[in-house]
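Chain and residue survey
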Amino acid sequence: MNEKATYIVMLGPPGAGKGTQAKILAEKLGLVHVSTGDLFRENLSQETELGKLASSFMVRGELVPDDVTIAMVKERLSRPDCARGAVMDGFPRTPAQAGAFETLLAEIDGKVDHVPFISVPNDVLVERLSGRWMSHSGRVYHALYNPPKVKWVDDVDGSPLYQREDDKPETVLHRIKVYYDQTSPLIEFYRQAGTLVEIDGTKEIEQVTEDLLEAVA
Ligand code: ADP
Ligand code: AMP
């Protein structure tokens, strides 16, 4: 590898806008968008053993076990398209995953370069997730804040949009709790490492993108 690869970790609660922004950033920076949630959902739609296992945790709003998640990320990052680096979306999500990620990157002479922490208050998160419409190719819409041109239809390939099973209000509240219990310690971890940048996620999507591009420049 000639040029050093760049790794960006999108941190923030469910509904903060990590997926929306990770897609845009990856495209603008020429990096790959690696979403562990999307990878699990792809496995589920292909009915793999990994997909079935992951789904038993996802429907309850629980985290998939660390060993399974880390192995999946390791495999994904080893593929040639990740040679220039990646925008990580939804990983790491526990201190154990963050530690394993450091080790994994050190093996390939990489490191976590930037950790944008997108903060959004809880009431806004619930509203965002209850209006989230997904396409099967991972594009993310919102019924009010980022609507598709035609209701329930993907702008790009015309396929039907769907609501995620785990975006039901009761599961959302549990996912937010899981985030505070298991993921929020990473804020301090990356602050200590000097890579954390706080981003106000309540602004409009385009403004958040501008703030992020400035933060990772
Ligand atoms: P995450 O990946 O962090 O769970 P998403 O990117 O899927 O979050 O965004 C959650 C929902 O909020 C989606 O419906 C998305 O369209 C919408 N959304 C994302 N960013 C904003 C924003 N800045 N303002 C309003 N709605 C947003
Ligand atoms: P997301 O698409 O990021 O909202 O993730 C959806 C669900 O997938 C989560 O609620 C978890 O069940 C699972 N998941 C995604 N990423 C991870 C991860 N890094 N560790 C454990 N579980 C994960």
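Look a little higher up for the structure.
A word on the packing of aromatic side chains. What the rule picks out here adds up to five aromatic pairs. Summarising the aromatic geometry, the rings of Trp133 and Trp152 are spaced 3.9 Å apart at their centres and angled 20 degrees between planes, so their arrangement reads as stacked. Of this pair, Trp133 sits in strand β5 (residues 132-134) while Trp152 sits in the loop between β6 (140-142) and α7 (169-183), and the two are 19 residues apart along the sequence. When its relative accessible area of 7% is taken as the criterion, Trp133 is described as buried. What makes Trp152 partly exposed here is its relative accessible area of 35%. Aromatic pair Phe189 and Tyr190: ring centres 4.9 Å apart, planes at 85 degrees, arrangement edge-to-face. The class for Phe189 is partly exposed, based on a relative accessible area of 35%. What makes Tyr190 buried here is its relative accessible area of 1%.

Let's shift gears to the site of ligand 1. Close to ligand 1 lie 19 residues, the nearest being Gly15, Thr20, Arg132, Tyr141 and Lys203. Take Gly15: an N or O atom from its main chain is 2.8 Å from an oxygen atom of ligand 1. Contact distances for ligand 1 include 2.6 Å between an oxygen atom and a side-chain N or O atom of Thr20. For ligand 1, whose free accessible area comes to 560 Å², the fraction covered by protein is 93%.

What counts, and where the lines are drawn
- Residues numbered from 1 in each chain as written.
- Chains lettered and ligands numbered in written order.
- Predicted model: local features only at pLDDT ≥ 70, side-chain atom pairs only at ≥ 80, totals over all residues.
- Heavy atoms only, no water.
- Phe/Tyr/Trp six-rings, centres within 6.5 Å; stacked < 30°, edge-to-face > 60°.
- Helix = DSSP H or I, 4+ residues; strand = E, 2+ residues; numbered from the N terminus.
- Buried < 20%, exposed > 50% of the residue type's maximum accessible area, 1.4 Å probe, protein only.
- Near = heavy atom within 4 Å.
- Polar contact = N/O pair within 3.5 Å; in protein donor to acceptor, adjacent residues only side chain to side chain.
- Areas by Shrake-Rupley, 256 points an atom, 1.4 Å probe, with all protein chains shown as cover.

Nothing here speaks to function; it is all geometry.
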